[in-house]
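The residues making up each chain are set out below.
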Amino acid sequence: MAGLPEWDRCAVMGVVNVTPDSFSDGGRWFDTETAVKHGLDLVAQGADLVDVGGESTRPGAARVSEEEELRRVLPVVRGLAGEGVVVSVDTMRSSVAARAVEAGAVLVNDVSGGLADPGMVPVVAEARVPFVVMHWRGQSIDMNNRAVYTDVVGEVIGELTDSVRRAVDGGIAPEHIVVDPGLGFAKRAEHDLALVAALSRLRAELARPLLVAASRKRFLGRVLADAADAAPPPARERDAATAAVSALAAREGAWAVRVHEVRASADAVRVARAVESAAEALPGIRPVGEAPR
Ligand code: PMM
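Residues numbered from 1 in each chain as written. Predicted model: local features only at pLDDT ≥ 70, side-chain atom pairs only at ≥ 80, totals over all residues. Heavy atoms only, no water.

Participant: Summarise the pairing of strand S5 (residues 131-134); cite the residues concerned and give the values.
Facilitator: The alternating pattern of S5 places Phe-131 and Val-133 and Val-132 and Met-134 on opposite faces, both of which are buried. Two strands pair when backbone bridges link them, and strand S4 (residues 107-110) and S5 are joined in this way by three bridges, in the parallel orientation. Directly across from Asp-110, in S5, lies its bridge partner Val-133. With four bridges joining them, S5 and strand S6 (residues 177-180) adopt parallel strand pairing. Looking at the pairing, Val-132 lines up with Val-178 of S6. Crossover S5 to S6 through helix H5 (residues 152-169) is right-handed. (Buried < 20%, exposed > 50% of the residue type's maximum accessible area, 1.4 Å probe, protein only. Helix = DSSP H or I, 4+ residues; strand = E, 2+ residues; numbered from the N terminus. Pairing = 2+ DSSP bridges. Right-handed = clockwise from strand over helix to strand, strands pointing away.)

And the structure:
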């Protein structure tokens, strides 16, 4: 990925949510000092980069003001970048992206893929930094109503292709674009599972580096629930399941996984890399990311 370090395996993006209400870590990293320390801990545990966000996107979440988002995010970006951490900023606002890049962020992660703020693509094009284009169908407040698909994989690929085209037409270099299927965003558990099953197709058809962000999401809770009508385990008890997806994603050639608990996923991507190296030496074993025949 132009503009970022090269990793010889799937990278691990650790999450620092500077929010009081994020669904999965419950606002534990809300003040600046704690958030910076948490980001440094994630790096010590094996994160290659750290994603800093100040706005919750959990289903049903209302938006925060621009001032509040800036207040939460900028000091944390500055603090981590100042310690030499590769920082990405998770924001839908062009103003926050621009200020975060000034403060040291080297990647902009926009869950709306440029759709929420018409100023985003021009800002990222001007900043010449990598841009994560996620599949998104509207703000979190009512996104579950948009979880309607006849062919989820085909529709996500089509809609992501449109967002990538808009970003490129707006001046973002194609080699700066990462794509992300947006697990849990306007999707039900069966949609998320279908997308994870189709990662190699997404990678082949979108022909861009792929970010996979399954961490602690509802579909994992559904998978882990004892029965279809049983209560899912709470978000914090979904880290082993998250690491399982990290191993699968790395095996399918994902560029990076975005996770809250880093250590297990850092191990998972390293194991996937070692298996890939072993596979390269064996005739007839499928290379990474190629669909099984
Ligand atoms: N999910 C969340 C936040 N940011 N960014 C990307 N690129 N992809 C995602 O799926 C994604 C994201 C959900 O919120 P969380 O940080 O509380 O898990």
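Moving on from the coordinates now.
Participant: How would you summarise the layout of surface pockets if you had to cite specific residues and measurements?
Facilitator: As a volume, the second largest pocket reaches approximately 250 Å³. Looking at the second largest pocket, it is lined by 16 residues, and the ones nearest its centre are Trp-7, Asp-8, Arg-9, Cys-10 and Ala-254. Top contributing element to the lining of the second largest pocket by residue count: helix H10 (residues 262-280), with four residues. Each residue belonging to the lining of the second largest pocket can be placed in one class, and the counts come to nine nonpolar, one polar and six charged. (1 Å grid on protein atoms, 1.4 Å probe; cavity = no way out; pocket = protein on both sides within 12 Å on 5 of 7 lines; lining within 4 Å. Points joined across faces, edges and corners; volume = space filled by probe spheres on them. Nonpolar A, V, L, I, M, F, W, Y, C, P; charged D, E, K, R; others polar.)

Participant: Summarise the sheet that holds strand S1 (residues 11-17); cite the residues concerned and give the values.
Facilitator: Across the sheet, eight strands lie side by side as S6-S5-S4-S3-S2-S1-S8-S7; this open sheet has parallel pairing. Each of the sheet's edge strands pairs with one partner strand only, and the pair in question is S6 and strand S7 (211-212). Running at roughly 160 degrees to S6, H5 makes contact with S5 and S6 of the sheet. Together, S1 and strand S8 (256-259) form the strand contacts of H10, whose direction differs from that of S1 by roughly 165 degrees. (Contact = heavy atoms within 4.5 Å. Axes fitted to C-alpha atoms, helices over the stretch in contact; angles between N-to-C directions.)

Participant: Summarise the pairing of S8; cite the residues concerned and give the values.
Facilitator: By the alternation rule, side chains of S8 split into Ala-256 and Arg-258 and Val-257 and Val-259, which are all buried. Two strands pair when backbone bridges link them, and S7 and S8 are joined in this way by two bridges, in the parallel orientation. Bridge pairing in S8 places Leu-211 opposite Ala-256.

Participant: Run through the nonpolar core, naming residues and quoting values.
Facilitator: Core analysis: the biggest nonpolar cluster contains 74 residues, and Val-52 and Val-212 have the highest contact counts within it. Top contributing element to this core by residue count: H5, with seven residues. In this view, Val-52 contacts Val-16, Val-18, Val-73, Val-76, Val-77, Leu-80, Val-87, Ser-88, Val-89 and Asp-90; residues no more than four positions away in its chain are not counted. Leu-49, Leu-107, Val-178 and Ala-256 belong to the second-largest nonpolar core, a separate cluster that totals twelve residues. (Core = buried A, V, L, I, M, F, W, Y, C linked by side-chain atoms within 4.5 Å.)

Participant: Please give an account of the side chain of Asn-109 that cites residues and values.
Facilitator: For Asn-109, the position within the fold is in strand S4. Since its relative accessible area comes to 3%, Asn-109 is described here as buried. Side-chain polar atoms of Asn-109 contact the side chain of Asp-51, separated by 3.0 Å. (Polar contact = N/O pair within 3.5 Å; in protein donor to acceptor, adjacent residues only side chain to side chain.)

Participant: Outline the environment of Val-15, listing residues and values.
Facilitator: Its place among the elements puts Val-15 in strand S1. The residues contacting Val-15, other than those within four sequence positions of it, are His-38, Leu-42, Asp-51, Arg-258, Val-259 and His-260.

Participant: Before we move on, can you summarise helix H3 (residues 94-102) with the specific residues and values?
Facilitator: Looking at H3, one finds that the buried residues are Ser-94, Val-96, Ala-97 and Ala-100. Along the long axis of H3, the arc covered by the buried residues comes to 160 degrees, so they all point the same way. Where H3 is buried, its residues touch helix H2 (66-82), strand S3 (87-90), S4 and helix H4 (120-127). Taken from the residues just after H3, Gly-104 is the one with a positive phi, measuring 120 degrees. (Arc of directions from axis to C-beta.)

Participant: Can you lay out the pattern of salt bridges for me, pointing to particular residues and giving the numbers?
Facilitator: Inspection of the entire model under this criterion finds 16 salt bridges. Notably, a salt bridge pairs Glu-55 with Arg-63, separated by 3.0 Å at the nearest N-O pair. Residue Glu-55 is classed as buried on the basis of its relative accessible area, which comes to 9%. For the salt bridge of Arg-258 with Asp-90, the shortest nitrogen-to-oxygen distance reads 3.2 Å. One end of the pair, Arg-258, is in strand S8; the other, Asp-90, is in strand S3, and 168 residues separate them in sequence. Several salt bridges share partner residues, and in doing so they unite Asp-8, Arg-273 and Glu-276 into one network. (Salt bridge = Lys/Arg side-chain N within 4 Å of Asp/Glu carboxyl O.)

Participant: If you had to explain a nonpolar patch on the surface to someone new, which residues and values would you point to?
Facilitator: Taken together, the side chains of Leu-193, Val-223 and Leu-224 define a hydrophobic patch exposed on the protein surface, amounting to about 240 Å² of accessible area. Positionally, Val-223 belongs in helix H8 (residues 218-224). Look at Val-223 and you get partly exposed, because its relative accessible area is 49%. (Patch = residues over 30% accessible without salt bridge, like charges linked within 9 Å, V, L, I, M, F, W, Y side chains within 5 Å. Areas by Shrake-Rupley, 256 points an atom, 1.4 Å probe, with all protein chains shown as cover.)

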